[in-house]
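# Chain and residue survey
Below are the chains, spelled out letter by letter.
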Amino acid sequence: MKVEYKGNALPSHKILLVTKSPIVELTQLFSSLQKEGIESTFIEHDKNLIDVKTHHSQCVWIHTEVLTHPIISSVMEFIPELSGVLFFFDQRMSRLEILKEIAIARTHYVAIVGAIFLIDSPNDKDIGVDICRRSGIPYLFSAIKKEEGKAYVFNEETISILTNMVI
């Protein structure tokens, strides 16, 4: 599914990426998007957010480990056209922490793109379905870590959903 763009203007999405995992562990997802023709740029939320406007990628991912009121306020101050928030939840987080971060995004009226759950075993995949059902946010499937120290393996449906979102 190669993405073809018409005209000179490329869509530009600025998405707050909330994950405790380092970006390095999530490279497989973003390399899969690049194979589809979607260029991504990563910026840490504590860096100069004014640089976001200078990137010409289809997706600019602003990475933060946790979502708090000060963080989302500072991001929205520099990027009022923020497309939304994408959550990557892992098994180290409690349900209360997860629901708190979702509530923070909602109190700032930011669109929630969805949630991807980073799990260590296929037996844990139902956790994400339950939390998303209870909180009313889109479930973008789970990503399973194949071996310790290796990158997560993402479901084809997740890549398809994110690709369609950017088009």
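Shown above is the structure to which this text applies.
### Points about the pairing of strand 5 (residues 112-119)
- The buried fraction of strand 5 is high, at eight of eight residues.
- As paired strands, strand 4 (residues 84-90) and strand 5 are joined by six bridges and run parallel to one another. In the sheet register, Val 85 faces strand 5, and the bridge partner there is Ile 112.
- Running through helix 3 (residues 95-107), the crossover from strand 4 to the neighbouring parallel element strand 5 is right-handed.
- For strand 5 and strand 6 (residues 139-145), the ladder comprises four bridges, and the chain directions are parallel. Within strand 6, the position partnered with Ala 115 by the bridge is Tyr 139.

### Some points on the sheet that holds strand 6
- One open sheet holds the seven strands; their spatial order is 2-3-1-4-5-6-7, and the pairing between them is mixed. Each edge of the sheet is formed by a strand with only one pairing partner; in this case those strands are strand 2 (40-44) and strand 7 (152-153).
- Sheet strands touched by helix 3: strand 1 (13-19), strand 4 and strand 5. Its angle to strand 4, the strand with the most contacts, is close to 175°.
- Running at roughly 155° to strand 5, helix 4 (residues 126-135) makes contact with strand 5 and strand 6 of the sheet.

### Things to note about the pairing of strand 6
- Across two bridges, strand 6 lies against strand 7 in antiparallel orientation. Across the sheet, residue Ile 144 finds its bridge partner in strand 7, namely Val 153.

### Here we look at the pattern of salt bridges
- Following the criterion strictly, the structure yields four salt bridges and no others.
- Two residues, Arg 95 and Asp 130, come together in a salt bridge whose shortest N-O distance is 2.5 Å. Of this pair, Arg 95 sits in helix 3 while Asp 130 sits in helix 4, and the two are 35 residues apart along the sequence.
- In this structure, the salt-bridge partner of Asp 130 is Arg 133, at a minimum N-O distance of 2.8 Å. Highlighted residues: Asp 130 and Arg 133, both in helix 4, separated by three residues, approximately one helical turn.
- Judged by relative accessible area, which is 16%, Asp 130 ranks as buried.
- Arg 133 gets classed as exposed once you look at its relative accessible area, which sits at 59%.
- If you follow the salt bridges from partner to partner, you end up with Arg 95, Asp 130, Arg 133 and Arg 134 in one network.

### Comments concerning helix 3
- For helix 3, spanning 13 residues, the distance from its first C-alpha to its last is 18 Å, which sits close to the expected 18 Å at 1.5 Å a residue.
- What helix 3 keeps buried is the set Ile 98, Glu 101, Ile 102, Ile 104 and Ala 105. Axial view of helix 3: buried residues confined to an arc of 155°, hence all on one face. Helix 3 presents Leu 96 and Lys 100 as exposed residues on the side facing more than 90 degrees away from its buried surface.

Reading the values: the criteria
- Every chain is numbered independently, its residues counted from 1 as its sequence is written.
- Per-residue local features of the predicted model are confined to residues with pLDDT of at least 70, and side-chain atom pairs are confined, for both listing and counting, to 80 or more; whole-chain, interface and lining totals are unaffected and use all residues.
- To obtain the side-chain values, all non-hydrogen atoms of the structure were included, while hydrogens and water were left out.
- For each residue, the accessible area found with a 1.4 Å probe, counting protein chains only, is set against the maximum for its type, and the residue is called buried under 20%, exposed over 50%, and partly exposed in between.
- The secondary structure listing takes helices from DSSP runs of H or I that are at least 4 residues long and strands from runs of E that are at least 2 residues long, numbered from the N terminus.
- One bridge is not enough; two strands pair if DSSP finds at least two bridges between them.
- The definition of a right-handed crossover adopted here requires that, viewed with the strands pointing away, the path from the first strand over the helix to the second runs clockwise.
- The contact criterion used is simple: two residues touch if any of their non-hydrogen atoms lie within 4.5 Å.
- Angular values range over 0 to 180 degrees, each being the angle between N-to-C directions of two axes fitted as lines to C-alpha atoms, with helices fitted over their stretch in contact.
- In what follows, salt bridge is the name for a side-chain nitrogen of Lys or Arg lying within 4 Å of a carboxyl oxygen of Asp or Glu.
- Here a helix's expected span is defined as the number of its residues, less one, multiplied by 1.5 Å.
- It is the directions from the helix axis to the C-beta atoms that the arc portrays.

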